[in-house]
Amino acid sequence: MSGEEDPVIEFDPNIVGNLEDDNQLSSDASSLRDSTASITSSILEYRTIHGRPYQSSKTTEYWAPTDDKHITGFDIAHQFVSMLMNDKLYAAPIGDSPQRILDVGTGTGIWAIDIADQFPEAEVIGTDISAVQPGWVPPNCTFQIDDAQLEWTFKGNYFDFVHIRELYGGIDDWQRLYRQAFAHLKPGGWLESLEIDIETRSENPTVAKDMSHVFKRWCELFWRAGNKTGRTFRIARDGRMEQYMRDAGFVDIVHKQWKVPIGGWPQDPKLKRIGLFNGLFIDQSLDGFAIYPVGEILGWSQEEVDTLVSNMRRALHDPKALPYYIIHMVYGSKPRTVGLPA
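Bear in mind the structure is a predicted one, so any value in this text is a computation, not a measurement.

On to the overall build of the protein chain. When helices and strands are tallied, the protein chain shows 10 helices and 7 strands. In the protein chain, which comprises 342 residues, the share counted as buried stands at 54%. Pairs at least 24 apart in sequence give 75% of the contacts found in the protein chain among residues at least 6 apart. When the accessible surface of the protein chain is totalled, it reaches about 15700 Å², and 49% of it is carbon and sulfur.

Summed over the entire model, instances satisfying the criterion amount to 12 salt bridges. Lys 186 serves as the salt-bridge partner of Asp 160, at 3.3 Å between the closest nitrogen and oxygen. Of this pair, Asp 160 sits in strand β4 (residues 159-165) while Lys 186 sits in strand β5 (residues 185-202), and the two are 26 residues apart along the sequence. In this structure, Arg 201 and Asp 197 form a salt bridge, with 2.8 Å as the shortest nitrogen-oxygen distance. Connected via shared salt-bridge partners are Asp 197, Glu 199, Arg 201 and Arg 237.

Turning our eyes to something else, we now look at helix α5 (residues 174-184). Counted residue by residue, α5 has 8 buried out of 11 residues, so it is predominantly covered. Among all positions in α5, only Trp 174, Leu 177, Tyr 178, Gln 180, Ala 181, Phe 182, Ala 183 and His 184 are buried. Looking at the packing, one finds that the buried side of α5 touches β1 (100-104), β4, β5 and α8 (240-248). Where α5 starts, the residue carrying a side-chain oxygen 3.3 Å from the main-chain nitrogen of Gln 175 turns out to be Asp 173.

On to helix α4 (residues 110-118). With respect to burial, α4 is a largely interior element, 7 of its 9 residues being buried. Of all the residues in α4, the buried ones are Ile 110, Trp 111, Ala 112, Ile 113, Asp 114, Ile 115 and Ala 116.

Mapped onto the secondary structure, His 255 falls in strand β6 (residues 251-261). Under the relative-accessibility criterion, His 255 is labelled buried at 11%. A polar contact of 2.8 Å, which involves the side chain of His 255, links it to the side chain of His 328.

Below, the discussion takes up the pairing of strand β2 (residues 123-128). Both faces of the sheet carry side chains from a regular strand, because those side chains alternate between them. The buried fraction of β2 amounts to 5 of the 6 residues, a majority that puts the element mostly inside the structure. Bridge count between β1 and β2: 5 bridges; the pairing is parallel. In the strand pairing of β2, Ile 101 is matched with Val 124. Running through α4, the crossover from β1 to the neighbouring parallel element β2 is right-handed. In the sheet, β2 pairs with strand β3 (residues 141-145) via 5 bridges, with the strands oriented parallel. Bridged to Thr 127 within β3 is Gln 144.

The rules behind the values
Residues numbered from 1 in each chain as written. Predicted model: local features only at pLDDT ≥ 70, side-chain atom pairs only at ≥ 80, totals over all residues. Heavy atoms only, no water. Helix = DSSP H or I, 4+ residues; strand = E, 2+ residues; numbered from the N terminus. Buried < 20%, exposed > 50% of the residue type's maximum accessible area, 1.4 Å probe, protein only. Contact = heavy atoms within 4.5 Å. Areas by Shrake-Rupley, 256 points an atom, 1.4 Å probe, with all protein chains shown as cover. Salt bridge = Lys/Arg side-chain N within 4 Å of Asp/Glu carboxyl O. Polar contact = N/O pair within 3.5 Å; in protein donor to acceptor, adjacent residues only side chain to side chain. Pairing = 2+ DSSP bridges. Right-handed = clockwise from strand over helix to strand, strands pointing away.

Structural data, given as structure tokens:
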């Protein structure tokens, strides 16, 4: 099953004003700053209530930094993706009592911790190349420092559910990754993979048609960086995820996709709140996103990177830009008739 793009996101005229009048801005546009501050406060309160302080991070070879600022950004992303999925942690039909769950590229571990809370009888393992997970976790959740691109050391036919999220730009062989997930799932187990198409799009036709706009330039630079490293930023484009899962042997494949607004410009209350969370995530992460791919891989100077980030940030904050990107999720099951891997 293939996902079809969501309908146009209607904008809030109280925020955007008259889309066709570049000189007319709504008086409510400045209120977005106050709304973002409120969102920040609610996120910090949520993490405090659940009592999960996160330890200091270390720099890794992964393209995105793992310092405290970006750890906060990753946890914000977890919040708005959960909201996008109607406060659910997954979409695959894994049943009510999965026994073993693997979270590949667990990052801060927030998803693994939450799924362990949801299924206290399950064994939950989160793996990552960086030790940025908290020390206080549910008793059924453990973290391992491991590189998913190497040969997996788990038993074959072991997991009921393998979860992969937002590894774009970090994997050199997605087909191998899906094959390894297939080999280590029990027959009847599920793989769910969620990735972002990093192209920033716009519901404003003028911006969408402007091929010189910084939105277009930004994603093209990351695509170039991925081409140089061999770790693509395009995994969520052109049906790659769905095809690679099918090639690995998965069946009953489902593809879902969502438009995710950046900022509080949508009229729909749910999308407005998601957009505020997402806007905060992007604002927290924008400079860190560019430093390694654009600066180190493509060879830009720090001044050039700073100018690029400044232009992108300014464009995203333009009330009339109406920016969004698309999240793709694909999940599929390992056939029940599959025997032990060779």
